[in-house]
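# Survey of secondary and tertiary structure
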Amino acid sequence: MKKVYYSFYYDEDASRVQQVVNMGVVEGQQILSGQKWEEVKKKGDQAVKDWIAKEMKGKECLVALVGTNTSKRPWVTYEIKKAWDDGLGVVGVRIHGLKDLNTQKTSARGNSPFSDIIALYDPPGADSKAVYASISNNIEALVAKAKRKPR
């Protein structure tokens, strides 16, 4: 099983991200609870960078799970740049079509957090179940084909 680091906007997409994690198709880092993430952030930027570095260690790929406002998040931008510079594969998967487990609603399609170099998979499907199936059926291949920084 491929080991990945998930990058995402916690406040808006934690429920959608948890669905992807629970697919069990690839192995990701432990997803912090909102409370634990706030504890790390309170310690300052260097503590966040240290946590990210620790969690990225030993991973093969960064998977950006892209919701409505993911591209605007500074830590997502930092994680993508770090993964790219560290030689990890980088791939993006849109998750706006998955229902939030709390609200039972999907969200608006967000902008890509990448330059044109990185592909962003937009899973087809008329509803959340179809989007879920598309992600589950394709994420392993997407990770295997993830773009890497030329050496």
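Throughout this document, residue positions are counted from 1 along each chain, in the order its sequence is written. Whole-chain, interface and lining totals are the exception, using all residues; otherwise, since this is a predicted model, local features are given only for residues with pLDDT of at least 70 and side-chain atom pairs are given and counted only at 80 or more. Hydrogen atoms and water are omitted, and side-chain values are computed over all heavy atoms in the structure.

### Points about the environment of A119
Every helix listed is a DSSP run of H or I at least four residues long, and every strand listed is a run of E at least two residues long, numbered separately from the N terminus. Mapped onto the elements of the fold, A119 is located in the loop between strand 4 (89–94) and strand 5 (120–121). Accessibility here uses a 1.4 Å probe with only protein chains present; expressed as a share of the type maximum, an area under 20% marks a residue as buried, one over 50% as exposed, and anything in between as partly exposed. A119 gets classed as exposed once you look at its relative accessible area, which sits at 55%. The contact rule is simple, with two residues in contact once any of their heavy atoms fall within 4.5 Å. Excluding its chain neighbours within four sequence positions, the residues that come into contact with A119 are V91, G92 and F114.

### Regarding the packing of aromatic side chains
The pairing test for Phe, Tyr and Trp rings, Trp by its six-membered ring, is centres within 6.5 Å, and the orientation test on the planes gives stacked under 30 degrees, edge-to-face over 60, and tilted for anything in between. Scanning the model with the defined rule gives four aromatic pairs in all. On the basis of an interplanar angle of 85 degrees and a centroid distance of 5.5 Å, the ring pair of W75 and Y78 is categorised as edge-to-face. On the criterion of helical spacing, the pair formed by W75 and Y78 is a turn pair, its members being three residues apart in helix 4 (residues 74–85). One aromatic cluster is present, built from ring pairs that chain together Y5, W37 and W51.

### Thoughts on the pairing of strand 1 (residues 3–7)
Counting buried positions along strand 1 gives four out of five residues, so the element sits mostly inside the fold. With two bridges joining them, strand 1 and strand 2 (residues 27–28) adopt parallel strand pairing. Counted as the bridge partner of V4 is G28 from strand 2. Remark: the strand 1/helix 1 (residues 10–23)/strand 2 crossover connection has right-handed handedness. One requirement defines pairing of two strands: DSSP has to find at least two bridges between them. Here is how to tell: hold the view so the strands point away, follow the path from the first strand over the helix to the second, and if it runs clockwise the crossover is right-handed.

### Some details on the pattern of salt bridges
Salt bridge, as used here, is a side-chain nitrogen of Lys or Arg placed within 4 Å of a carboxyl oxygen of Asp or Glu. Applying the stated criterion across every chain, the model contains nine salt bridges. For E38, the salt bridge is made with K41, and the minimal N-O distance between the two is 3.2 Å. Of the two residues, E38 and K41 both sit in helix 2 (residues 34–42), three residues apart, roughly one turn of that helix. Judged by relative accessible area, K41 falls into the partly exposed class, the value being 34%. Within the structure, one salt-bridge network assembled from shared partners comprises K81, D85 and K149.

### Regarding the environment of D86
Its location among the elements puts D86 in the loop between helix 4 and strand 4. For the pair formed by D86 and A108, sequence separation is 22 residues and the distance between their alpha carbons is 31 Å. Pairs of N or O atoms are called polar contacts if they sit within 3.5 Å, as long as, within protein, a hydrogen donor faces a hydrogen acceptor (for residues adjacent in sequence, only side-chain-to-side-chain pairs). Side-chain polar atoms of D86 contact the side chain of K82, separated by 2.6 Å.

### A look at the pairing of strand 3 (residues 61–66)
Within strand 3, six of the six residues are buried, which leaves it mostly tucked inside the rest of the structure. In strand 3, alternate side chains face the same way, and those of C61, V63 and L65 on one face and L62, A64 and V66 on the other are all buried. Two elements, strand 1 and strand 3, share four bridges in a ladder whose sense is parallel. Pairing of Y5 across the sheet is with L62, part of strand 3. Note that strand 3 and strand 4 share six bridges and pair parallel. Residue V66 lies in a different strand from strand 4, and its bridge partner there is R94.

### Quick notes on the packing of helix 2 against helix 3 (residues 45–56)
Axis lines are fitted to C-alpha atoms, over the contacting stretch for helices. Their N-to-C directions set the angle, which ranges from 0 to 180 degrees. Two elements in contact, helix 2 and helix 3, have axes separated by 6 Å at closest approach and are oriented at 125 degrees. With respect to helix 3, the element helix 2 is oriented oblique. Where helix 2 approaches helix 3, its residues W37, V40 and K41 are matched on the opposing element by A47, V48 and W51. For classification purposes, an angle smaller than 35 degrees is called roughly parallel, one larger than 145 roughly antiparallel, one from 65 to 115 roughly perpendicular, and anything else oblique.

### Details of the sheet that holds strand 1
Two strands in a sheet stick together by hydrogen bonds in their backbones, pointing the same way (parallel) or opposite ways (antiparallel). Here five strands make up an open sheet; going across it, the order is 2-1-3-4-5 and the pairing parallel. The strands lining the two open edges of the sheet, one partner per strand, are strand 2 and strand 5.

Don't take any of this as a statement about function, it's just geometry.
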